[in-house]
Amino acid sequence: MPLAVYILGLSVFALGTSEFMLSGLLPPIADDMNVSIPRAGLLISAFAIGMVIGAPLLAVATLRLPRKTTLVALIAVFGLGQVAGALAPNYAVLFASRVVSALACAGFWAVGAAVAIAMVPVGARAKAMAVMIGGLSIANVLGVPAGAFLGEHLGWRSAFWAVGAASAIALVGVVTRIPHIPLPETKPRLKRELVIYRDRQVLLSVVITALAAGGIFCAFSYLAPVITDVAGIDTGWVSAILGLFGIGALIGTYIGGRVADAHLFGVLLSGITASTLFLVALALFASSPVATVLLAFLLGVSAFYTAPALNARMFNVAGAAPTLAGATTTAAFNLGNTGGPWLGGTVIDANLGFAATAWAGAAMTAVALATVALALRLSRRTANSHIVATSSASHQETSPEPSMARVD
């Protein structure tokens, strides 16, 4: 695996910490900004919305720009967004800073994923994506709990300052370690890349990714109040339990990255099924401290076990447009990260309780599972049609020409 791929993974650590750390900071942000927890949860959706819009937009805008220069500019803007968040005087400014940071994060993900995929063989795509996603896993192991710890002891703004510092370190790594990557001799054409959206498998991959991610983050975004208000665990343990989710994510990413290239649909089916079952269990047993802690870990494993396969699947079905494939995957994940927290907040506002967010998440992952089954069926049908067509063509080529009988 090229060193540059690992550098991208380390950069994603800063991006992922910012994206996910609010799950442990919602209560203090809500108190400081004088808003409800569901409204504070919209800051998570704001970041996701920025990712959804920014991924394809920046992928298109930077299609013909040097890859390294683009990555440098995006990580720099992201860092400035963290500083703006740390200094935000009110909720509106904080919301805007999240959107700006998300736009830069989305662009980095889209371009970085395309760069990582371009540097490895086709059979190592899931492994390359696992390295990048590993940055997210480490963010959940270290960054998110550290953010929750800082938020509890030094105020939530200190967590934003810490991510700003991590972004500066990532910037140095990108500048010094990412090689110059020449643009292809044939300049990318947007019209040609947009053709991928006519493919049913591409659209199904978007739906699967959005629902699988949304189901997890419908519950994960409100895990802190579930831990404290439902399970009755002391606030001081929130960061440690979020770290346990991150450890599960790291384990899941490693396993998924190892097996997804050879058993892509098997990983999708087993991983999303597991996530659905764990979410149902969380909804049923959220009042049990032991069950909540264990399920936080297991959800991390199942969610990130499927992530390399979800990424690799999109690049497989949209290989003719690698930049837009990366952007589309990023947008799809964050459609889920937008819809999931929104649905969770709606459930809470309806007075169904924090634990009910897990029921809503399980409904999303169940639909994702059905969509995977549909995609597999269509994939097998297409493969069988191709085999029949190839066999027929081969038979025609090898069959002797029919003799022409002489008629007297």
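Because the structure is predicted, anything quoted here is derived from the model rather than measured.

Q: Looking at this structure, I do not really get the overall build of the protein chain. What am I missing?
A: What the protein chain contains, in helices and strands, is 15 helices and 0 strands. Residues classed as buried in the protein chain amount to 55% of the 408 residues present. Taking contacts inside the protein chain between residues at least 6 apart in sequence as the whole, the part at least 24 apart equals 86%. Entry remark: accessible area of the protein chain is about 17400 Å², with carbon and sulfur atoms responsible for 68%.

Q: Would you take a moment to explain the confidence of the model for the protein chain for this structure?
A: In low-pLDDT segments, the atomic positions of the prediction should not be examined closely. When pLDDT is averaged along the protein chain, the result is 83, and 89% of the positions lie at 70 or above. Here helix 8 (residues 190-193) stands out as the least confident element of the protein chain, with mean pLDDT 66; helix 12 (residues 264-285) is the most confident, with 95. This model gives residues 401-408 a pLDDT under 50, and the stretch forms 0 contacts once residues within four places in sequence are excluded.

Q: Help me understand the packing of aromatic side chains in this model?
A: In this description, an aromatic ring pair is defined by two values, namely the gap between the centres and the angle between the planes. Under the definition given, this model contains 5 aromatic pairs. Seen from their ring centres, Trp156 and Phe160 are 5.5 Å apart, and the 80° between their planes marks the pair as edge-to-face. Placement of both Trp156 and Phe160 in helix 7 (residues 156-177) is noted, with a separation of 4 residues, approximately one turn of the helix. You can call Trp156 buried: its relative accessible area is 4%. Taken together, the ring pairs in this structure connect Phe217, Phe220, Phe245 and Phe304 into an aromatic cluster. A cation over a ring is seen here: Arg39 above Tyr91, with NZ or CZ 4.4 Å from the ring centre.

Q: It is not clear to me how the side chain of Thr209 should be interpreted in this structure. Could you clarify?
A: Mapping Thr209 onto the fold places it in helix 9 (residues 200-220). For Thr209, the contacting residues outside a window of four places in its chain are Leu310, Thr329, Ala332 and Phe333.

Q: Explanation requested: the pattern of salt bridges in the structure shown.
A: Side chains carrying opposite charge are able to pair once their charged atoms draw close together. If you walk through the whole model with that rule in mind, you get 1 salt bridge. As a salt-bridge pair, Asp32 and Arg157 come within 3.6 Å of each other at their nearest N and O atoms. In this pair, Asp32 is assigned in helix 2 (residues 26-33) and Arg157 in helix 7, connecting sequence segments 125 residues apart. A relative accessible area of 43% places Asp32 in the partly exposed class. Its relative accessible area of 27% is what places Arg157 among the partly exposed residues.

Q: Looking at this structure, how should I read unusual backbone geometry?
A: Note on backbone geometry: most residues besides glycine have negative phi, and most peptide bonds are trans. In this structure, Asn34 takes a positive phi of about 60° despite not being glycine. Within the secondary structure, Asn34 sits in the loop between helix 2 and helix 3 (37-61). The exposure class of Asn34 is exposed, given its relative accessible area of 72%. For Asn351, which is not glycine, the phi torsion reads 65° and is therefore positive. Its place among the elements puts Asn351 in the loop between helix 14 (322-349) and helix 15 (356-398).

Q: Is there a simple way to think about the side chain of Gln201 in this case?
A: Positionally, Gln201 belongs in helix 9. Of the polar contacts made by the side chain of Gln201, one reaches the side chain of Arg313; its length is 3.0 Å. Ignoring sequence-local partners within four residues, the contact set of Gln201 consists of Arg313, Val317, Ala375, Leu378 and Ser379.

Q: Just to check I follow, could you spell out a nonpolar patch on the surface for this structure?
A: On the surface, a nonpolar cluster with roughly 370 Å² of combined accessible area is contributed by Ile247, Ile251, Tyr254 and Ile255. Judged by its relative accessible area of 56%, Tyr254 falls in the exposed class.

Q: Sorry if this is basic, but what is going on with the environment of Ser36 here?
A: The topology assignment puts Ser36 in the loop between helix 2 and helix 3. Taking relative accessible area as the criterion, Ser36 reaches 40% and is therefore assigned partly exposed.

Q: Is there a simple way to explain empty space enclosed by the protein in this structure?
A: The probe, sized like a water molecule, is rolled over the atoms to show the empty space still left. Following the criterion strictly, the structure yields 3 cavities of 30 Å³ or more and no others. Taken as a whole, the largest cavity encloses approximately 370 Å³ of empty space. Along the wall of the largest cavity there are 31 residues; nearest its centre are Leu136, Ala213, Phe304, Ala307 and Phe333. For the lining of the largest cavity, the secondary-structure elements that each account for two or more residues are helix 1 (3-20), helix 5 (91-118), helix 6 (125-153), helix 9, helix 12, helix 13 (289-317) and helix 14. For the lining of the largest cavity, the element with the most residues is helix 13, which contributes 8 residues. Tallied by class, residues from the lining of the largest cavity come to 18 nonpolar, 12 polar and 1 charged. Estimates place the volume of the second largest cavity at around 50 Å³. Taken together, Glu19, Phe20, Ile44, Phe47, Ala48, Phe217 and Asn337 make up the lining of the second largest cavity. No other element matches helix 3, which puts 3 residues into the lining of the second largest cavity. Of the residues that constitute the lining of the second largest cavity, the class distribution is 5 nonpolar, 1 polar and 1 charged.

Q: Help me understand helix 5, please; the structure alone is not making it clear to me.
A: For an α-helix, 3.6 residues make a turn, and residues three or four places apart therefore share a direction. Over its 28 residues, helix 5 extends 40 Å from the first C-alpha to the last, a length consistent with the 40 Å expected when each residue adds 1.5 Å. Summarising burial for helix 5: 20 of the 28 residues are buried, a large majority. Structurally, the start of helix 5 carries an N-cap: the backbone nitrogen of Ala92 is 3.2 Å from a side-chain oxygen of Asn90.

Q: Is there a simple way to think about the packing of helix 6 against helix 11 (residues 238-259) in this case?
A: Helices that pack against each other are described as a pair by the angle of their axes relative to one another and the distance between those axes. Contact pair helix 6 / helix 11: the axes reach a minimum separation of 8 Å and the direction vectors enclose 175°. When the axis of helix 6 is compared with that of helix 11, the two are roughly antiparallel. Each residue belonging to the contact of helix 6 with helix 11 can be placed in one class, and the counts come to 14 nonpolar, 8 polar and 1 charged.

Criteria and thresholds
- Residues numbered from 1 in each chain as written.
- Predicted model: local features only at pLDDT ≥ 70, side-chain atom pairs only at ≥ 80, totals over all residues.
- Heavy atoms only, no water.
- Helix = DSSP H or I, 4+ residues; strand = E, 2+ residues; numbered from the N terminus.
- Buried < 20%, exposed > 50% of the residue type's maximum accessible area, 1.4 Å probe, protein only.
- Contact = heavy atoms within 4.5 Å.
- Areas by Shrake-Rupley, 256 points an atom, 1.4 Å probe, with all protein chains shown as cover.
- pLDDT = per-residue confidence, 0-100.
- Phe/Tyr/Trp six-rings, centres within 6.5 Å; stacked < 30°, edge-to-face > 60°.
- Lys NZ or Arg CZ within 6 Å of the ring centre and 35° of its normal.
- Salt bridge = Lys/Arg side-chain N within 4 Å of Asp/Glu carboxyl O.
- Polar contact = N/O pair within 3.5 Å; in protein donor to acceptor, adjacent residues only side chain to side chain.
- Patch = residues over 30% accessible without salt bridge, like charges linked within 9 Å, V, L, I, M, F, W, Y side chains within 5 Å.
- 1 Å grid on protein atoms, 1.4 Å probe; cavity = no way out; pocket = protein on both sides within 12 Å on 5 of 7 lines; lining within 4 Å.
- Points joined across faces, edges and corners; volume = space filled by probe spheres on them.
- Nonpolar A, V, L, I, M, F, W, Y, C, P; charged D, E, K, R; others polar.
- Expected span 1.5 Å × (residues − 1).
- Axes fitted to C-alpha atoms, helices over the stretch in contact; angles between N-to-C directions.
- Parallel < 35°, antiparallel > 145°, perpendicular 65-115°, else oblique.

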